[in-house]
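Each chain is listed here by its residues.
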Amino acid sequence: MTRFSLCILTLLIFFSCKNEKAISIEGFSNTGEYMDYSLKIEFGQDIDYIELFDKNPSYISNGFDFPVGKPNARGYYNAQKFQENNHLGDDWNGNGGGNSDLGDPIYAIGNGYVSVAEDLKGGWGNVVRVIHLYDGKLYESLYAHCDSLYVDQKQFVKKGEQIATIGNCNGAYYAHLHLEIRDEVGLDIGGGYSTNTDGYLDPSAFIEKNR
C-alpha cells in the first residue's frame, strides 16, 4: 500500500468513527451469570428541550406515576432496587415471576418527549428514553429490555400512555422492566450498574415524591 493510500484510509476511518462512542454494558443473566457486552452508540446534536417544551406546553409534566400496573404498580414488585448490587435503576417484575409479565404494557411515567426509541443491542435491547420538563427542571426516564416499542423517536407522550411492552432482551434475562430516572439529560446509555450515581435518581423515591 502506498503512503498516499494509507493516508486516505486513515482519514476514512477517522471520519466514520468520530461520532461514535464505545459503551460497556453489564448485567446479570437469568441464571445469575454476570454478563458484559460492548456496543457503539451514535450521538446526534443537542436539542434545546426547554425551548421545545415552551412551544408545546401541554406536554410539560404535572407529576409522575409508576411505569407498570398504572398508576401504582399494582401486580408488580421491585425485584432489584436502586443501588442494590450497585444498580442504577429499578427492575419491575410481575408478581408471577419468571417470564409471566412478558408482553405486559409499559407506560410513560409522565408527560414528555421521546428522545430515543430503538434497539441498542447488547444487554439493553429495545430502549425508550423520554425527556420530561417538571417544575422548571429537565429529567429523563429510561425504559430498557422492551419487547415491542409503541412510540417513535421525536414524538410527544402523555403520562400513562403505553410506550412499549415488557421484554427479556432476547432471552438474556427473565422478563422485566429496567427503569432509570436521571436528573442530567443526555448522559451516555451507561452500564446499568455503578457505585457512581451522579446524574441518577432513585426511581421509586422520585415518583412517590412527585405524584
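Since the structure is predicted, the reported quantities are computational estimates derived from the model, not experimental observations.

(A) Summary view of the environment of Ala 117. By the element assignment, Ala 117 lies in strand β6 (residues 112-119). Among residues more than four places away in sequence, those in contact with Ala 117 are Val 127, Val 128, Leu 149, Val 151, Asp 152 and Gln 153.

(B) Structural context of the packing of aromatic side chains. Scanning the model with the defined rule gives eight aromatic pairs in all. With centroids separated by 5.0 Å and ring planes inclined at 55 degrees, the aromatic side chains of Phe 64 and Phe 206 adopt a geometry described as tilted. Residue Phe 64 is found in the loop between α2 (49-55) and α3 (69-73), and its partner Phe 206 is found in helix α4 (residues 203-209); the two are separated by 142 residues along the sequence. Residue classification places Phe 64 among the buried positions, given a relative accessible area of 0%. When the ring of Tyr 139 is compared with that of Phe 206, the centres are 5.0 Å apart and the planes differ by 45 degrees; the resulting orientation is tilted. Of this pair, Tyr 139 sits in strand β8 (residues 137-149) while Phe 206 sits in helix α4; the two residues are 67 residues apart in sequence, bridging distant segments of the chain. Three or more aromatic residues joined by ring pairs make a cluster, and in this case those are Tyr 49, Phe 53, Tyr 59, Tyr 113 and Phe 156. Residue placement shows Lys 158 over the ring face of Tyr 59; its charged tip is 4.9 Å from the ring centre.

Cut-offs used in this document
Residues numbered from 1 in each chain as written. Predicted model: local features only at pLDDT ≥ 70, side-chain atom pairs only at ≥ 80, totals over all residues. Heavy atoms only, no water. Helix = DSSP H or I, 4+ residues; strand = E, 2+ residues; numbered from the N terminus. Contact = heavy atoms within 4.5 Å. Phe/Tyr/Trp six-rings, centres within 6.5 Å; stacked < 30°, edge-to-face > 60°. Buried < 20%, exposed > 50% of the residue type's maximum accessible area, 1.4 Å probe, protein only. Lys NZ or Arg CZ within 6 Å of the ring centre and 35° of its normal.

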